Amino acid sequence: MTSSNTLLLLGSGAREHALAEKLTRDGATVLVLPGNAGIPNSHPEVNPLDFEAVQAFARAHAARLIVVGPEAPLAAGIADFFAGSDIRVFGPTRSAARLESSKVWSKEFMRRHGVATAQAWAFRSDNIAAARAKAAELGGHVVVKYDGLAAGKGVYVCASPVEAEAAFDDLQSSYSGWFSFLLEEKLAGPEISIIGLTDGHEIKLLATSQDHKQLLADDRGPNTGGMGAYCPVPFADANVLAAIRRDIIDPTLRGIRHEQFEFRGFLYFGIMLTPTGPKLLEYNVRLGDPEAEVLLPALDSSLLTLIEATLDSSLARQGVRQRPGAFVGVVLASGGYPAPKFPTGFPITGLDNLPPEVRAYHGATRRDETGQIVTNGGRVLVLSAHGQDLEEATARAYEACARVTFQDAYFRPDIAQRPAPVLTASVVN
Ligand code: AMP
Ligand code: GLY
């Protein structure tokens, strides 16, 4: 335990609301920079990318620990900024954060260390012709990925040369100057998210979860930041997890040690269970959103203790206990999301008197001049419910969606209701 139990939490979404709630339950005094209207102790006056301001705020409040929610402060080097100081940062250095911030670099890391992943080819924006030829050779069954951080955009899953062409056009109109991108073979299979806390030696895994990235039911429509999540995933049994450990997690930890990265934080593996075994689609160097909004209510152990053990290199001595049952989180989004522009500022009703099994995590909300909570962006709230099983948790989450509302509210009707996949033998052996 640090000498003061005050910590700073950086970020402003529903993930940070869930983190703040959990760390408070674990006994910390949590100050959130900048936070939002629904997160207690939010400080909108502090910009989490202004490290000098964060440092001054930490000193003024005797905070010795900074927990980072989103990727941006990590990619900008907040762990490097505080290295060697008495203020500790839970999150990797800028160099290690390239596992998320550069898709090309991350793919090279996977290759260097034998992490199972899709085949891929890197191109620069001045050589789209070569990418076009490769996409044609693969019949257009490719995934095009912009190299840098793109907030859930910048990935185009294509099914024909025409779609690949449209992806190249969109990349060129969305990003100016030179940029790099990846062309990947398109894989198929169910996806799962696996998130752990690691110091590069040990990793302690949270429950398995599944996101729902597309806007519309049955995984149709444009990609979003995530429209809902649940945990644990029934088909991710011990055999599946053993294959993922062997082919993805263990080689990753060996790579982190080999490259001598300072990595102490959350590590997220986005995995597809393909007919030829589990394959890593991406790393994130943080908790997923909306995965965090189900994983943290599900976590019975103290997250604060796990974070401190990660920083102290004593993770091996920690256990991770989960609460029994299932957890389902449904995102309430503004009508029009994920388009670049849509109306906001609508009053939100129904937040009072939710049943005790339901949590309302605020993502994009603010208070208007009269003090009323109104919508303030795309993913407005996550309604996260606990139940004895997935069916009960799902029913509770949707009952809450019927009560909490605002003008043009949209939610996916099918979170946690995908049919159980049939896994081929090669995934589980
Ligand atoms: P990423 O940001 O790399 O995780 O990609 C976002 C989403 O695109 C993933 O959750 C998958 O649904 C899809 N995707 C990414 N890579 C592939 C791939 N190689 N094959 C099929 N789908 C993919
Ligand atoms: N839910 C996926 C992510 O946070 O990137």
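Report on the accompanying structure. Keep in mind that what you see is a predicted model, and the values were worked out from it rather than measured.

Next up on the list: the sheet that holds strand β1 (residues 6-11). Neighbouring strands of a sheet are bound in pairs by backbone hydrogen bonds; such pairs are parallel or else antiparallel. Taken in spatial order, the 4 strands make up an open sheet running β2-β1-β3-β4, and their pairing is parallel. Of all the strands in the sheet, just β2 (29-34) and β4 (88-90) have a single pairing partner and so form its edges. Averaged over all pairs of adjacent strands, the angle between strand axes in this sheet comes to 25°, irrespective of strand direction. With 3 bridges connecting them, strand β3 (residues 65-68) and β4 associate as parallel partners. Residue pairing in the sheet places leucine 65 in a bridge with arginine 88 of β4. Sitting on the sheet, helix α1 (residues 14-25) touches β1, β2 and β3, and the angle it makes with β1 is about 170°. Each of β1, β2 and β3 touches helix α2 (residues 51-60); the most contacted strand, β1, lies at about 155° to it.

This brings us to the site of ligand 2. What surrounds ligand 2 is the set Asp211, Gly225, Tyr268, Asn284, Arg286, Gly288, Asp289, Pro290 and Glu291. In this structure, an oxygen atom belonging to ligand 2 sits 3.3 Å away from a side-chain N or O atom of asparagine 284. A distance of 2.9 Å separates an oxygen atom of ligand 2 from a polar side-chain atom of arginine 286. Taking 200 Å² as the accessible area of ligand 2 by itself, protein coverage stands at 90%. A class-by-class count of the residues in the shell around ligand 2 yields 2 nonpolar, 3 polar and 4 charged.

A separate point is the sheet that holds strand β9 (residues 191-198). As summarised here, the arrangement of the 4 strands in space is β10-β9-β15-β16, forming an open sheet in which the pairing is antiparallel. Only two strands of the sheet have a single neighbouring strand rather than two, namely β10 (203-205) and β16 (277-284). In this sheet, neighbouring strand axes are inclined to one another by 35° on average, regardless of whether the strands run parallel or antiparallel. As judged from the 3 bridges shared by β9 and β10, these two strands associate in the antiparallel manner. Across the sheet, threonine 198 pairs through a bridge with isoleucine 203, a residue of β10. Set on the sheet, helix α9 (residues 238-258) makes contact with β9, β10, β15 (265-274) and β16; between it and β15 the angle comes to about 135°. Set on the sheet, helix α11 (residues 303-311) makes contact with β9 and β15; between it and β9 the angle comes to about 65°.

Each value, and the rule that gives it
- Residues numbered from 1 in each chain as written.
- Chains lettered and ligands numbered in written order.
- Predicted model: local features only at pLDDT ≥ 70, side-chain atom pairs only at ≥ 80, totals over all residues.
- Heavy atoms only, no water.
- Pairing = 2+ DSSP bridges.
- Helix = DSSP H or I, 4+ residues; strand = E, 2+ residues; numbered from the N terminus.
- Axes fitted to C-alpha atoms, helices over the stretch in contact; angles between N-to-C directions.
- Contact = heavy atoms within 4.5 Å.
- Near = heavy atom within 4 Å.
- Polar contact = N/O pair within 3.5 Å; in protein donor to acceptor, adjacent residues only side chain to side chain.
- Areas by Shrake-Rupley, 256 points an atom, 1.4 Å probe, with all protein chains shown as cover.
- Nonpolar A, V, L, I, M, F, W, Y, C, P; charged D, E, K, R; others polar.

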